[in-house]
Each structure stands twice: as C-alpha cells, then as structure tokens.
Amino acid sequence: KAGVTQTPRYLIKTRGQQVTLSCSPISGHRSVSWYQQTPGQGLQFLFEYFSETQRNKGNFPGRFSGRQFSNSRSEMNVSTLELGDSALYLCASSFLGGVLETQYFGPGTRLLVL
Amino acid sequence: GNSVTQMEGPVTLSEEAFLTINCTYTATGYPSLFWYVQYPGEGLQLLLKATKADDKGSNKGFEATYRKETTSFHLEKGSVQVSDSAVYFCALSDRGGSEKLVFGKGTKLTVNP
C-alpha cells in the first residue's frame with residue numbers, strides 16, 4: 001500500500017506570493033490533517049479535513065486555508081506569504097481521524113519564503 | 001489547554017548505551033499517547049503508542065508506559081544503535097481537544113559508534 005505523498009517536496013517563494021501544497025492520503029483514508037513544523041514553534045496543527053469538510057482547525061491566521069476533494073486528496077493554500085511561513089509542512093492521514101487511530105505522515109513539503 | 005513537555009536535547013550517546021527521553025503531559029480528558037520518530041530529511045513515523053493508563057507501547061526495542069498518576073510517557077531503550085539517531089517527538093491525542101495531535105518540541109538523539 002502506497003504511503004502518504006506530498007507535492008512538491010521543495011518550494012521557494014517570495015513574500016506576498018501565495019502557494020498551494022498537495023497531499024494524497026493512503027488509499028481508503030478519509031481524514032487528512034496538516035501540520036507546520038518550524039525550529040522555533042515545533043510541530044503545530046493547522047487543520048483537519050474529513051469527507052471534504054473542515055472538522056478541526058488550529059490557531060493559525062486566515063491566510064492559511066485548505067480543502068479536500070471527493071477522492072480525499074487535500075490541498076492547503078497560504079496567501080500573502082510572510083518570512084515566518086518558511087517551514088516544513090506535513091500532511092497526515094488516517095481512516096476516520098479518530099482519537100485512537102494512528103496518523104500516517106508524508107515526507108513533507110519544505111517551503112522557503114524569501 | 002493540552003500540552004506536552006519533553007526533555008530538551010540534544011542527547012548524545014555511545015552505541016549500546018541506555019536511553020531515556022522524558023515526556024510529561026497536560027490534558028483535559030483521557031488522552032492517547034504517542035512517540036513519533038523523524039529521521040533526517042523524512043516525515044514522522046509512529047514509533048509506539050498507548051491508549052489508556054498502564055498500557056505499555058513497544059516497538060523496535062523502544063518502550064514507554066502510560067503513567068496516569070505522574071502524567072508521563074517516558075521513552076526507553078536498553079541498547080541504542082547508530083541507526084536510532086533521529087528526532088523523537090512525544091505527542092498526545094485528546095478526545096476533548098480540538099487539535100488532532102499535540103506535540104512536544106522534540107529531542108534530537110545522536111548515537112556514536
């Protein structure tokens with residue numbers, strides 16, 4: 001079974017631009033969560049999608065948004081990029097997103113904002 | 001709110017040494033507890049988990065016991081290998097919380113031959 005895939009793996013943008021990252025979950029998984037990893041703040045939860053609906057949301061500004069498609073693939077978008085948005089963005093999937101379920105992480109997209 | 005505190009690194013050990021990475025948590029409900037590992041240039045992999053008090057999670061020689069009385073989930077391994085060099089994250093998932101997983105800051109482990 002293929003794992004979680006994320007594209008692109010690396011991205012360089014400039015301040016003010018916007019960016020879209022993609023995540024394909026493990027086949028059959030319907031819950032997709034996004035996390036931001038930075039050296040200063042560590043791993044922080046962005047949001048979770050289940051059956052095309054945002055089910056949970058972390059404490060990030062509205063510039064961070066996402067969506068999920070009917071095939072469970074998910075995208076996240078960051079508008080008006082800031083230098084502080086430079087981070088590794090990780091996507092994780094699970095079957096139903098339950099508390100007891102294991103989340104499987106992708107390799108991440110490393111975003112550099114110049 | 002929910003939070004996880006784990007010992008700060010980096011931790012440097014010689015091969016075959018004993019490893020302990022401390023992790024304590026604060027949660028509103030009855031969380032599930034996890035240890036994830038991140039190898040250089042890769043995403044996170046689940047190492048082990050425990051879903052209720054006194055459960056012991058184990059995998060690849062690593063162990064951690066869910067201690068409700070001390071709100072702890074310390075990671076241990078009796079004999080580390082060079083291939084164990086990675087960053088280790090303690091995390092919790094709480095039914096009463098809004099975040100899927102709350103992570104500690106991570107502990108970088110380097111094992112020297």
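Everything numeric in this text was worked out from a predicted model, so none of it was measured.

Conventions and cut-offs
- Residues numbered from 1 in each chain as written.
- Chains lettered and ligands numbered in written order.
- Predicted model: local features only at pLDDT ≥ 70, side-chain atom pairs only at ≥ 80, totals over all residues.
- Heavy atoms only, no water.
- 1 Å grid on protein atoms, 1.4 Å probe; cavity = no way out; pocket = protein on both sides within 12 Å on 5 of 7 lines; lining within 4 Å.
- Points joined across faces, edges and corners; volume = space filled by probe spheres on them.
- Nonpolar A, V, L, I, M, F, W, Y, C, P; charged D, E, K, R; others polar.
- Helix = DSSP H or I, 4+ residues; strand = E, 2+ residues; numbered from the N terminus.
- Contact = heavy atoms within 4.5 Å.
- Pairing = 2+ DSSP bridges.
- Axes fitted to C-alpha atoms, helices over the stretch in contact; angles between N-to-C directions.

(A) Empty space enclosed by the protein, seen in detail. Scanning the entire structure with this criterion turns up one cavity of 30 Å³ or more. Estimates place the volume of the largest cavity at around 40 Å³. Considering the residues around the largest cavity, the lining is formed by Ser-94, Gly-97, Gly-98, Val-99, Glu-101 and Gln-103 of chain A together with Phe-34, Ser-93, Lys-100 and Leu-101 of chain B. Looking at side-chain class alone, the lining of the largest cavity contains three nonpolar, five polar and two charged residues.

(B) Seen up close, the environment of Ala-27 of chain B. All names here are of chain B. Inspection of the secondary structure assignment puts Ala-27 in the loop between strand E4 (23-26) and strand E5 (32-38). On a C-alpha basis, the gap between Ala-27 and Leu-109 in space is 26 Å, while along the polypeptide they are 82 residues apart. Contacts of Ala-27, omitting those with residues within four sequence positions, involve Asn-2, Leu-92 and Asp-94.

(C) Highlighting the sheet that holds strand E3 (residues 19-21) of chain B. Residues and elements named next belong to chain B. A sheet is described by the order of its strands in space; here four strands give the open sequence E3-E9-E8-E7, paired in antiparallel fashion. Lying at the two open borders of the sheet, with one neighbouring strand each, are E3 and strand E7 (56-59). Pairs of neighbouring strands in the sheet enclose a mean axial angle of 15 degrees, with direction left out of account. Across four bridges, E7 lies against strand E8 (residues 62-65) in antiparallel orientation.

The values are spatial; any link to function lies outside them.
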